Every structure is written in structure tokens, then in C-alpha cells.
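Listed here are the chains, written in short residue letters.
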Amino acid sequence: MIHDVAIIGAGPAGLCLARALSGQGLSIVLLERQAETALADPAFDGREIALTHASQALLEHLGLWQRLPAEEVAVLRDAQVLNGPSLFALKIEAGQAGAERLGHLVANRAIRRAAYEAVQACADVQLRCEVAVTAIRHHEREVELELAGGELLRTRLLVAADSRFSETRRQLGIGARLKDFGKTMLVCRMDHEKPHRQTAWEWFGYGQTLALLPLNGEQSSVVLTLPPREIERLRALDEDAFAREMERRFDRRLGAMRLASERHAYPLVGAYAEKLVGPRCALIGDAAVGMHPVTAHGFNFGLGSVQRLSAAVLAARARREDIAAPSVLARYARQHRLATWPLYQATNLLVDVYTDDRLPLKLLRGAGLRVAQGLLPLKKGIARHLTSPG
Ligand SMILES: Cc1cc2nc3c(=O)[nH]c(=O)nc-3n(C[C@H](O)[C@H](O)[C@H](O)COP(=O)(O)OP(=O)(O)OC[C@H]3O[C@@H](n4cnc5c(N)ncnc54)[C@H](O)[C@@H]3O)c2cc1C
């Protein structure tokens, strides 16, 4: 038997692609190295995903949004950017785009669970867990995958969706530009005394970067970026000592704070694949573009890759053409690069400028925020970008 599509990696991007391609007469196989129980009931991983209106629309279309429990979805109304100890904040408000909210925050665990459930309902998607692909061989009309244990699978189109450190990308001989920011990000949920007013904070302090993502009630996801050994020290603190230190780091702007979840840490490495496609293969999600989380684009871009690749494949299918023809894949690569490359570069530049604590840059970025605050069209533009339906 030959599959039409084999997807390696049943993370949110791989699962969403399988769902997007389902119901069109294609046979789809998803290959995942984790156990199925980890997909069915994913553990809390500290990630709260800020989703734009366009991403919400796609998740609704895929039947995932409806599966998210209300308590796992929080409104993100406004956002503010702060610099150093100054109380001045650049404000991006939903109202500037005539919208009620900039987007939503959804726990990554809830997205993964909803995506798994949506795929369970697809009879044409076969999910195979605890498998490893040991070799990939290209033939003119198909790709052959060898699994650990020797089993062979054949597919017309191979999709890599196995994270920013994608082994499949490497097996395909596709390189990636990696940018190691040399810092680690600590994420956890915290209760706090003062209200967040559904406003996200990005606070480029001196020697640290803090973010606050408003959840339901007086609880937020707190994101702290520091050198790795500092993060290790913070993770090892007992809950009370950690809370006191976070209150101090937040300058007590949120009043008393209390740890409300486990603490998770992520090393900050950006990745952009040298090529988004190859012969009969395509890269999606973080395997294609692994963003620094500061601008919250990662999974939004992942969903963009799902939308673009599925549209290209299904259009070819409707024309009764080869779904992995070079022209089909080139169209996807062109569109996805255009949508992501400028923002990938701009995000990395922003991180470099806003985490460099030399005096001229500290002054420049403070001035930059004040200039931007006065530029209503710029702020409206950002708000419209986030709230546009797609
Ligand atoms: C702290 C943090 C905060 C974030 N916040 C946001 C945000 O606000 N907004 C946003 O849009 N994005 C955000 N992101 C990014 C978002 O989490 C990722 O973009 C998204 O999870 C990528 O999904 P993916 O399916 O491509 O990859 P992954 O989630 O990495 O999933 C990859 C899957 O492939 C499997 N796998 C790996 N290797 C193999 C293999 N060799 N064989 C088989 N299976 C394999 C893994 O087990 C996993 O299931 C954040 C990320 C972090 C770290």
C-alpha cells in the first residue's frame, strides 16, 4: 500500500495538517515518537499560546476551537511594551483596530488535546505512535520510509513536523539557520494581587526580560528570560522564595504573587530551514520556522504553514494532479517564506536590540517606544494585523 501523505511529528502542527487534509479521499499516516497516552492527555508544559484572529478562524474551521474547554481560553485584549525601570508603556489596544480583543491565550496542552481529538474523528488518518524513522529513500514517484524494526512505508508526499530541532529535516539533507540566543526562558502560572486587565506585558528590563500573559481570574502566565544558570537557580527555589523574587523582579507592580503551577524552562534557539521543500517533501510548523517566542508568532506561523500547504495539496488533488509535484510544493514554499521570513528577521533584530544593555541602546529603545507611541498608524497597523480574520 502507498500512502498519499506521511507526516512525521504529531505535535500541534502535524495533527492540524492531518485534520486539514482529511475528508478529501487521501490516505494519511502520522508518525510520532511519543506514546499515544502523551498525545491524548498532554502534560502541562507551561506554554500559553497567544492566537491571532486568523489562527482562531482556522482552528474553528478544523473543528478544534469548539473542543477547547472554556477555562483554558483567556481573552487577550491589549498589550503593552515597557523598557527598563520606566513606567512609560507603548500600548497596543484592540480598540485601535475596532476590535474587542487582540486575540486569545490558550494553553498549549489544550491545543494539543483538541488536535488529537479532532484527528481521532478522521477515519482516513492513521496515527502510529512510538515509532522512529531510521532511513528515508527517494524514488521518482514516491518516498520510502524505513522504521526502526525494519518495516517499510511508502508515501507520495512526506511532511516533516517534528519540531525546530527536526531530525527529519536533517535526514532529508536540509540545513537550517539556527540562532542560539544564549538565554533560557522560564514559564509558569502565578496568581497575583493586582488585576491584569486582560493586558499582556512585554517588559525589556535591564539584565532580564519579563512577560506577563493574562489568564482567567487574577492569574497570569509569567515568562522570565535570563542566562541558563540563573534560571536553574530560580527553578530550584522553594515556592515562597520564588514568589518573593518574582514580586521583586516585577517591581511589585502586580502586588503579592503566588506560584500556581510547575515551572518549565526552554532554551532559546530560533531556527529557519534553508529550504521549506525538497523532492516530494515539505517542512511545516517549527521544523520550517522556529521563532523566538517574544512576538508570539510560532504556532500562528505553524497554522499558516498548515493552511498554505493543505491549500496547495488539495488544489492539486482537485485538478487530479500529483499532490507532491515540484510546482505544488514550490507554491507552498514561496507563500510561506514570504509570510514568515521578514518577521523572523525582525523578531531576531528586536531581541538583539532590546536585550543589549549597553547604555546607548538602553536610551535608544526607550526613545523608540515613545516615538512608536506617538505613531497611531503604526499601532493601528499592528492591532489590525493581529485581529485580521486572515
Ligand atoms: C515558552 C514558549 C512560549 C510560546 N508561546 C507562543 C505563543 O504565544 N504563540 C505562538 O504562536 N507560539 C508560541 N510558542 C511556539 C509554539 O509552542 C510552537 O510553535 C509549536 O508548539 C510548534 O508546534 P510543532 O507541532 O511544529 O512542533 P512541536 O510542538 O515541537 O511538536 C513536534 C512533535 O514531533 C514529535 N517528534 C519530534 N521528533 C520526532 C521524530 N524524530 N519522529 C517522530 N516524532 C517526532 C514530538 O514528540 C512532538 O510531538 C511558544 C513556544 C515556547 C517554547
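Up top is the structure.
A few points on the structure. (Residues numbered from 1 in each chain as written. Predicted model: local features only at pLDDT ≥ 70, side-chain atom pairs only at ≥ 80, totals over all residues. Heavy atoms only, no water.)

Thoughts on the overall build of the protein chain
Line of reasoning, step 1. Each helix and strand in the protein chain was counted, giving 12 helices and 20 strands.
Line of reasoning, step 2. Against the globule reference of 21 Å for 390 residues, the protein chain gives a C-alpha radius of gyration of 21 Å, in line with a compact fold.
Line of reasoning, step 3. Expressed along its principal axes, the backbone C-alpha trace of the protein chain runs to roughly 65 × 45 × 40 Å.
Line of reasoning, step 4. Buried residues in the protein chain amount to 55% of all 390 residues.
Line of reasoning, step 5. Long-range contacts, defined as pairs at least 24 residues apart, comprise 73% of the intrachain contacts of the protein chain with a sequence gap of at least 6.
Line of reasoning, step 6. Total accessible area on the protein chain is roughly 17200 Å²; 53% of this is exposed by carbon and sulfur atoms. (Helix = DSSP H or I, 4+ residues; strand = E, 2+ residues; numbered from the N terminus. Rg over C-alpha atoms; globule rule 2.2 N^0.38 Å. Buried < 20%, exposed > 50% of the residue type's maximum accessible area, 1.4 Å probe, protein only. Contact = heavy atoms within 4.5 Å. Areas by Shrake-Rupley, 256 points an atom, 1.4 Å probe, with all protein chains shown as cover.)

Focus on the side chain of Arg128
Line of reasoning, step 1. Relative to the elements of secondary structure, Arg128 occurs in strand β8 (residues 125–128).
Line of reasoning, step 2. Look past the residues within four positions of Arg128 in its chain and what remains in contact with it is Val29, Leu30, Leu31, Glu32, Leu147, Glu151 and Leu153.

Considerations on the site of the ligand
Line of reasoning, step 1. The local shell around the ligand holds 30 residues, among which Glu32, Arg47, Ala50, Asp286 and Phe299 are the closest.
Line of reasoning, step 2. In this structure, Arg47 approaches the ligand through a side-chain N or O atom, which is 2.6 Å from an oxygen atom.
Line of reasoning, step 3. Arg112 is positioned such that a nitrogen or oxygen atom in its side chain is 3.0 Å from an oxygen atom of the ligand.
Line of reasoning, step 4. Sorting the residues of the shell around the ligand by element identifies α1 (12–21), β3 (48–51), β12 (176–192), α8 (285–288) and α9 (298–318) as the ones contributing at least two each. (Near = heavy atom within 4 Å. Polar contact = N/O pair within 3.5 Å; in protein donor to acceptor, adjacent residues only side chain to side chain.)

Quick word on α9
The periodicity of an α-helix, 3.6 residues per turn, causes residues three or four positions apart to be oriented the same way.
Line of reasoning, step 1. Relative to the 30 Å expected for 21 residues at 1.5 Å per residue, α9 spans 30 Å between its end C-alpha atoms, a close match to the ideal helical length.
Line of reasoning, step 2. Immediately beyond the C-terminal end of α9, within one or two residues, lies Arg320, with a positive phi of roughly 60 degrees. (Expected span 1.5 Å × (residues − 1).)

Here we look at the pattern of salt bridges
Line of reasoning, step 1. Enumeration over the complete set of coordinates arrives at 26 salt bridges.
Line of reasoning, step 2. Between Glu72 and Arg109 there is a salt bridge, with its nearest N and O atoms 3.4 Å apart. Taken together, the positions of Glu72 in the loop between α3 (53–61) and β4 (73–76) and Arg109 in helix α4 (residues 108–120) put the pair 37 residues apart, joining distant regions of the chain.
Line of reasoning, step 3. For Glu72, the salt bridge identified is with Arg189, shortest N-O distance 3.5 Å. Highlighted residues: Glu72 in the loop between α3 and β4 and Arg189 in strand β12, separated in sequence by 117 residues.
Line of reasoning, step 4. The exposure class of Glu72 is buried, given its relative accessible area of 11%.
Line of reasoning, step 5. By sharing partners, the salt bridges in this structure join Glu230, Arg233, Glu245, Arg248 and Arg249 into a single network. (Salt bridge = Lys/Arg side-chain N within 4 Å of Asp/Glu carboxyl O.)

Points about the packing of aromatic side chains
Line of reasoning, step 1. In this structure the tally under the stated criterion is 6 aromatic pairs.
Line of reasoning, step 2. Ring-pair connections join several aromatic residues into one group, and the members of that group are Trp201, Trp203 and Phe250.
Line of reasoning, step 3. Here the guanidinium or amino end of Arg263 rests over the ring plane of Phe242, the centre of that ring lying 4.7 Å away. (Phe/Tyr/Trp six-rings, centres within 6.5 Å; stacked < 30°, edge-to-face > 60°. Lys NZ or Arg CZ within 6 Å of the ring centre and 35° of its normal.)

Thoughts on the packing of α1 against α4
A pair of packed helices can be characterised by two numbers: the angle between their axes and the separation between those axes.
Line of reasoning, step 1. It is at 9 Å that the axes of α1 and α4 come closest, and there the two elements cross at 30 degrees. Between α1 and α4, the angle falls in the class roughly parallel. Between α1 and α4 lies a crossing of left-handed hand. Of α4, the residues touching α1 (which contributes Pro12, Leu15, Ala18 and Arg19) are Asn108, Ile111, Arg112, Ala115, Tyr116, Ala118 and Val119.
Line of reasoning, step 2. The residue makeup of the contact of α1 with α4, split by class, is 8 nonpolar, 1 polar and 2 charged. (Axes fitted to C-alpha atoms, helices over the stretch in contact; angles between N-to-C directions. Parallel < 35°, antiparallel > 145°, perpendicular 65-115°, else oblique. Left-handed = near helix turned anticlockwise from the far one by under 90°. Nonpolar A, V, L, I, M, F, W, Y, C, P; charged D, E, K, R; others polar.)

Focus: the environment of Gly298
Line of reasoning, step 1. Residue position: Gly298 is located in helix α9.
Line of reasoning, step 2. Residues Gly298 and Ile49, 249 residues apart in the sequence, show an inter-C-alpha distance of 8.7 Å.
Line of reasoning, step 3. Apart from residues no more than four positions distant in its own chain, Gly298 is found in contact with Asp286 and Met291.

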